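Below, each chain spelled out in residue letters.
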Amino acid sequence: KLSTEFDDDEDIDDITYPLAKDFNEKLYQVLSKTTRGEAMKYVMAAGIGHGLRAWQSLTKWYDSRDAGDKEAGYASIMAQDRAKSEEELHNKFIVFERRIKEYEERFGAVQEEAKIVALKKMIPAEVLNQRFRGKKMSSYKNLRDDLVAFLSDKPTSGVAPMDISAVTEEKGNEEKTEEEIDVY
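Residues numbered from 1 in each chain as written. Predicted model: local features only at pLDDT ≥ 70, side-chain atom pairs only at ≥ 80, totals over all residues. Heavy atoms only, no water.

Before going further, it helps to examine the overall build of the protein chain. From N to C terminus, the protein chain includes 10 helices and 0 strands. Its helices and strands in sequence order give the protein chain the pattern α-α-α-α-α-α-α-α-α-α, from N to C terminus. Across the 184 residues of the protein chain, 24% fall into the buried class. Taking the contacts inside the protein chain whose residues are at least 6 apart along the sequence as the reference set, 55% of them involve residues at least 24 apart. (Helix = DSSP H or I, 4+ residues; strand = E, 2+ residues; numbered from the N terminus. Buried < 20%, exposed > 50% of the residue type's maximum accessible area, 1.4 Å probe, protein only. Contact = heavy atoms within 4.5 Å.)

Structure representation (structure tokens):
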């Protein structure tokens, strides 16, 4: 007996699950009838009547859900559209940061260069040319910090300090010179 082989008694707890041995054999029958090609090799390698072990091998090698989730998550990070306004950039940036965090928690770190490229793809062209042109970003954190500083520099609402419409006429001095009238 090889060290990699197991007794059926070790695989299945027939006291807790009295029908487990029957299930194991039936699962093997179903898998051996429905699988083809590479998948059939895993079923046959598990041994006759070892349906649970065959299923375990199949799911270990063919769990497409995890691989598909990883690819889809990475694609959602990399597929960024250029924002049309600073407000849209702010919203996209928040979603982008959340996606990176979720991806890194689940699958591991995203490469620095990939994050930099994706972030630059969403920054409006005029902002990119004015604020980030000629700057070499050595890390994603540096680019992120510059973008956050840029976004936080903008007034959120109300009158801008140098807005000409904010100038009001003073009451009280009714007589104005001709020069003052021409200014208004």
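Turning our attention to the packing of aromatic side chains. Going through the model one piece at a time under the given rule, you end up with 3 aromatic pairs. A ring pair is formed by F96 and Y140, whose centres lie 6.3 Å apart and whose planes are at 55 degrees; its orientation type is tilted. Taken as a pair, F96 in helix α6 (residues 86–107) and Y140 in helix α9 (residues 140–153) lie far apart in primary sequence, 44 residues in all. Like F96, the residue Y140 is buried in the burial classification. Residues Y103 and F107 carry aromatic rings whose centres are separated by 5.2 Å and whose planes lie at 50 degrees to one another, so their mutual orientation is tilted. (Phe/Tyr/Trp six-rings, centres within 6.5 Å; stacked < 30°, edge-to-face > 60°.)

The next point concerns the nonpolar core. Among soluble globular proteins, nonpolar side chains are generally buried collectively. If you look at the biggest cluster of nonpolar residues, it comprises 24 residues, and the most contacted ones within it are F96, L119, F132 and L147. Every element with two or more residues in this core is listed here: α5 (64–78), α6, α7 (112–122), α8 (125–131) and α9. In this structure L147 touches L89, F93, L119, I123 and F132, once residues within four positions along its chain are discounted. In terms of nonpolar packing, the next biggest core, distinct from the first, is built from 8 residues, L27, A46, A54 and L58 among them. (Core = buried A, V, L, I, M, F, W, Y, C linked by side-chain atoms within 4.5 Å.)

A few words now on the packing of α7 against α9. Where α7 meets α9, the axes come as close as 9 Å, and the angle between the chain directions of the two elements is 25 degrees. With respect to α9, the element α7 is oriented roughly parallel. Taking contact as the criterion, the partners of E112, K115, I116, L119 and K120 in α7 are, on α9, Y140, K141, L143, R144 and L147. The class makeup of the residues in the contact of α7 with α9 is 5 nonpolar, no polar and 5 charged. (Axes fitted to C-alpha atoms, helices over the stretch in contact; angles between N-to-C directions. Parallel < 35°, antiparallel > 145°, perpendicular 65-115°, else oblique. Nonpolar A, V, L, I, M, F, W, Y, C, P; charged D, E, K, R; others polar.)

Everything listed is a geometric property; what it means functionally is a separate question.
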